[in-house]
Structure formats: C-alpha cells, structure tokens
Amino acid sequence: MNWIITENNKRINANDIPTVSIDEIKTDFGNMNMRLIGFLGKQEFDNVRLYVVLSDDKVGKLYVTSTLFDKNTKSYESFTQKYPMFHIFEREFYEEFGIEPLNHPWLKPVRQNQDSYPFFEMNGDEVHQVAVGPIHAGVIEPGHFRFMCHGEKVYDLEIMLGYQHRGVEEVLLKGGKYNNRLAESVCGDSVIAYNMAYSQAMEALSGSQVTSKAEIIRRIALEMERMAIHIGDMGAVAGDVAYQMGASIFGVTRTLVINTMLEISGSRFGRGLINVGGVNFDIDKNMSDKIVKMLDEVGKTVDRTTHVMLKAPTVISRLERTGVVNTDNAKSLGAVGMAARASGVDIDSRFDLNDKWYTSLDVVKPFKATGDVHSRFKLRYKEVKQSIQIVKKLLKKLEDYNNEAVLNKPNTALAPNSFVVSVVEAWRGELVHIGLTGGNGELLRYKMKDPSFNNWYMLAMAVRNNGVSDFPLCNKSFNLSYCGNDL
C-alpha cells in the first residue's frame, strides 16, 4: 500500500502524497476495509491529478493517495461496478474533468443536467410516470423527482438535482482572505457545521491556534444545531402523518433552542458565531445557566411528546416498515450520518475520528435501528437526548477555561504545498472539507462534500415498493439538502 496516513484537521505536505496507478488504488481499496470520504480532481497543466481519501473509522485515521491522468488518458475502469459507494463521486469527477469511468452503471450528470438528462424508463401498459418538481410548493429549493409506478406502487425513483449553479467552491478560492460568512451560507440549516469545517481547515493550513474555550463553544453550538433541526424534522414527520399535536409541539420546542442560539450569537442559526481563530461570542455563567434551563425544558417536552406520539396506532402504522433501507444497502451505498445509523451502520465522525472533546465525555451512543421511517424518527429523538447530555457536559468543561480568550488573531498566510481534510459530524452526517495550497501558499482547490451527497440515493432506495403517497414521509425522514449537492 502506498498511502500517506493522517488525521482529521492535520496539515500534510502535498508533495508527500504518493502517486500510484488507478488500478493500485482499486486493489488497495478492496483490501483495506475503509470508507471513501474524498474523491476529487485538480488540474495540473494538461494533466489531472485525482486525490482519494479513505477513513479508517476503527482507529480514527485518514489515508490519502493520488493518481495522475496525463492529457492523453480519457478513461479508466470504474470502481462503481464493484463498490457502489463510488458512484456519485465518479460521476462528479467525470462531469468536472471529462475522464470517463468505463462501465459505470449509472453515468449520468450530477449538476450539468437540465438539457437532456437520460431518465430511466420502464415499459408496460400499466406503468406510468409521476413527475414532481423542480419547482415545489413552499420555499424549498429546486429538485426533480421522477417516479416509475404501477398503480400506487413505486418501482423506481430517480432524483435529478443540479438546478443551482452557485460556484461556491470557486468563490472560496478568490479574494485571498478568510471567508467565514460565505462558508456559513452554503447550507442554511447547517451554518455551524459548515463554518466549523471551513475554519478548522483554514486554521490547519495557516497554523493558527484556537483556545480550548473556543473549541468547546463551537461544539456546544454544533450540538444545539443538531438538536434544533432534529426536533423540527420530528415535527415535520408528525405533520406528514396528520399528527398535528406533535407537529405543533415539536415546532414550538425547536424555537426554544434556536432562540437560545440567538441570545448567544445574535442569530437564531448561529451566523457570525464562528471565525477562523475561534468564536466571536462567549458563553458566561449566566448564559450557561440559561442554556441548561432551556435544555431541561426541551428534554421534558420532547420526551413527553415522543412517547405519546409513538403510542398512537395511526402513527405507528405509517412509520413502521415504511421506507426501509437495510444495513447492507446502506453500507454499500456509502451512507453517512443519521441515515446510516438508522439503517444499522455504526459510524459517527465525532467519536470515530477521535475528537477529544467528544471522546472524553463518556456519552452513550444511540441504538442501532432497522432502516425504516420509524427508525429514523426514533433515532432523531435519541440524538436530541444525546445532544442535551453532550451540551451539559461541555458547559461543565467550559468552567475550566474561564480565563481563556474566545478569539485569537489567525495567521494570514497559508502554508505552501499543503493538504488538509476537515471532517465535522453535521446533523445530517459527515461533512468533509478538503483544502489544497500551491507553492506560494495560494489556495488552489477547495472541495466540500455534504452528507446529502452520499445519501440522496438512500432516499431513492427507501421509496421502492412503497406507495406514491409515502414519498413525502420518506423524504421528510431523511430531509436531505439540495444546496449541499448543488455547490
């Protein structure tokens, strides 16, 4: 094996990353029993370098290698035939650089797809198509869903995204300054996670130091973000099964969490809280007491509402055995985060990648579930309870660092010829930011992978053999991000 071994948020010399053949990478992957978390290209004059990043969750290490395609090489044999988790990564790489993964079973556009997208077709006198979107009711972003149905039964769902051409990664390369305000705006319900991943990547590349106090406050905010979105999504699921009491109570309870974030940072979603070098706002004893009081109230309300809701036969009949994705399929597709855990895949980068602020807390992991809507709902509840426990323990730890600053002035120059991987467990799952600098410290490539990038095909699998009317419920149980895909 010819890989460089590194860790989360650790800068390595890009010149030390090995260059091997694409066949060697494929062979190594088959032998290493690791997960793919990064598959990104970089133009090098007339050539293209492909970087591959794997995660060894058992020991918290990251493995990085690369291969170089010269200007005359326009194809390679696809990984996806044997390892389906590569399918979306290879499609994106092909779309960006034109190097074809031969015999890829689903080689369709990821983002550049509005003109002549080759939809899957089924034939039969009683087969019909149902098209939803890209324009939806309400304020959600554009995405097109094409159902192949026999009566009410869904045989296949194809999801076409890519309607927003924002060029976020390119914008982050310009200007020569840190751009926290853009980073936190990439995905509106994951402000803290995106800003934290970006800041950690820039701090690693610049050698900037962050105090323990600031690191703890970031994680308190990350858990509050997780808590708020999970509670809101529990309300959305309740609404989709016409359990209006639950929808109302969960909605009000979510507001308690985000209003507390407003008191901390001036924004209900935590905008402006995190900067490269730390955080902009402190949590003093008075604010800490307010947070604990809020957490106690939220915990009691979520407990009571969840227990009552899950005793209702009409609710259970809609949630159980609806939208099932089994463990083997979830692993094969490379599912991450809550969606993976709800299908029985035990991965969580907060603990797997040895974040000392999490691993020192002695927190009980939520249960492994069975992959249906009920499991995804119940796991959200369990993770809300877990986040309450985490925040309380972090607030206690914060008392040990009262005299520390919350924001250090960061170094302005990035280290030359450097490569860093920053992974944050956002509420949807593993968010990956990868930064690469050139010989003068200039940022040459900045790559973001939202957890939804892995999980959209999970939704397509979940809908199979369910009724068309179950789709909104399945969709809400994942609540994936359009903008996290359309970067």
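Going by the structure above, here's the rest.
The structure displayed is predicted, hence computed values, not measured ones.

So, on to the pairing of strand β14 (residues 430-437). With eight of eight residues buried, β14 is to be regarded as a mostly interior element. Along β14, one buried face is formed by Glu-430, Val-432, Ile-434 and Leu-436 and the opposite face, lined by Leu-431, His-433, Gly-435 and Thr-437, is buried too. Pairing of strand β13 (residues 418-425) with β14 involves seven bridges; the strand directions are antiparallel. Residue pairing in the sheet places Phe-419 in a bridge with Leu-436 of β14.

It is at 9 Å that the axes of helix α14 (residues 373-398) and helix α16 (residues 471-478) come closest, and there the two elements cross at 35°. For α14 against α16, the interelement crossing comes out left-handed. For the pair α14 and α16, the contacting residues are Val-373, Arg-376 and Arg-380 in the first and Leu-473, Cys-474, Lys-476, Ser-477 and Phe-478 in the second. For the contact of α14 with α16, a count of residues per class yields four nonpolar, one polar and three charged.

Reading across from one edge, β1-β5-β4-β3 is the order of the four strands in this open sheet, with antiparallel pairing throughout. Edge positions in the sheet fall to β1 (4-6) and β3 (35-44), since each has one partner strand and no second. Across the sheet, the mean angle from the axis of one strand to that of its neighbour is 25°, orientation sign disregarded. Sheet topology places β3 next to strand β4 (residues 47-56); nine bridges connect them, and they run antiparallel. Residue pairing in the sheet places Glu-44 in a bridge with Asn-47 of β4. The strands that helix α1 (residues 22-32) touches are β3, β4 and β5 (61-69); relative to β5, the one it contacts most, it runs at about 155°. Against the sheet, helix α2 (residues 87-97) engages β3, β4 and β5, with an angle of about 5° to β3.

Right, let's talk about the environment of Val-279 for a bit. Tracing the chain through its elements places Val-279 in strand β12 (residues 278-279). Spatially, the C-alpha atom of Val-279 lies 20 Å from that of Met-227, the residues being 52 residues apart in sequence.

Where helix α15 (residues 451-463) contacts α16, the two axes come as close as 10 Å, and the packing angle between them is 150°. If you check the angle between α15 and α16, you find them roughly antiparallel. Relative to α16, the crossing made by α15 is right-handed. Counted together, Met-458, Leu-459, Ala-462 and Val-463 of α15 and Phe-471, Cys-474, Asn-475 and Phe-478 of α16 form the full contact between these two elements.

Another point: the sheet that holds strand β10 (residues 153-160). In space, the three strands of this open sheet follow the order β8-β9-β10, with antiparallel pairing throughout. The open sheet has two free edges, formed respectively by β8 (127-132) and β10, since each of these has just one partner strand. With direction set aside, neighbouring strand axes in the sheet form an average angle of 20°. Contacts between α15 and the sheet are confined to β9 (144-150) and β10, with β10 contributing the most and set at about 165° to the helix.

This next bit is on helix α6 (residues 212-240). At 3.6 residues per turn, the α-helix brings residues three or four places apart onto the same side. The end-to-end C-alpha separation of α6 is 42 Å, in line with the 42 Å expected for 29 residues at 1.5 Å each. Of all the 29 residues making up α6, 24 are buried; the element is thus mostly covered by neighbouring parts of the structure. The first or second residue beyond α6 is Ala-242, which carries a positive phi of 65°.

Okay, helix α7 (residues 244-265) next. With 22 residues, α7 extends 32 Å from end C-alpha to end C-alpha; this agrees with the ideal 32 Å at 1.5 Å per step. All buried positions along α7 are accounted for by Gly-246, Phe-250, Thr-253, Val-257, Ile-258, Thr-260, Met-261, Ile-264 and Ser-265. Seen end-on, α7 carries its buried residues on one side only, within an arc spanning 145°. More than 90 degrees from the buried face of α7, the exposed residues found are Met-245 and Val-252.

Here we take up the side chain of Lys-447. Along the chain, Lys-447 turns up in strand β15 (residues 443-449). Accessibility expressed as a relative area gives 7% for Lys-447, which makes it buried.

Counting across every chain of the model gives 32 salt bridges. Note that Arg-350 is salt-bridged to Glu-223, the shortest N-O span being 3.1 Å. Here Arg-350, found in helix α12 (residues 349-352), pairs with Glu-223, found in helix α6; they are 127 residues apart in sequence, far enough to count as distant. Like Arg-350, the residue Glu-223 is buried in the burial classification. The partner of Asp-470 in a salt bridge is Arg-318, with the nearest N and O atoms 3.4 Å apart. Residue Asp-470 is found in the loop between α15 and α16, and its partner Arg-318 is found in helix α9 (residues 313-319); the two are separated by 152 residues along the sequence. Taking the relative accessible area as the measure of exposure, Asp-470 reaches 15% and is therefore buried. Three or more residues joined by partner-sharing salt bridges are found here, namely Glu-223, Arg-226, Arg-341, Asp-348, Arg-350, Glu-383 and Glu-425.

Definitions and cut-offs
Residues numbered from 1 in each chain as written. Predicted model: local features only at pLDDT ≥ 70, side-chain atom pairs only at ≥ 80, totals over all residues. Heavy atoms only, no water. Buried < 20%, exposed > 50% of the residue type's maximum accessible area, 1.4 Å probe, protein only. Helix = DSSP H or I, 4+ residues; strand = E, 2+ residues; numbered from the N terminus. Pairing = 2+ DSSP bridges. Axes fitted to C-alpha atoms, helices over the stretch in contact; angles between N-to-C directions. Left-handed = near helix turned anticlockwise from the far one by under 90°. Contact = heavy atoms within 4.5 Å. Nonpolar A, V, L, I, M, F, W, Y, C, P; charged D, E, K, R; others polar. Parallel < 35°, antiparallel > 145°, perpendicular 65-115°, else oblique. Expected span 1.5 Å × (residues − 1). Arc of directions from axis to C-beta. Salt bridge = Lys/Arg side-chain N within 4 Å of Asp/Glu carboxyl O.

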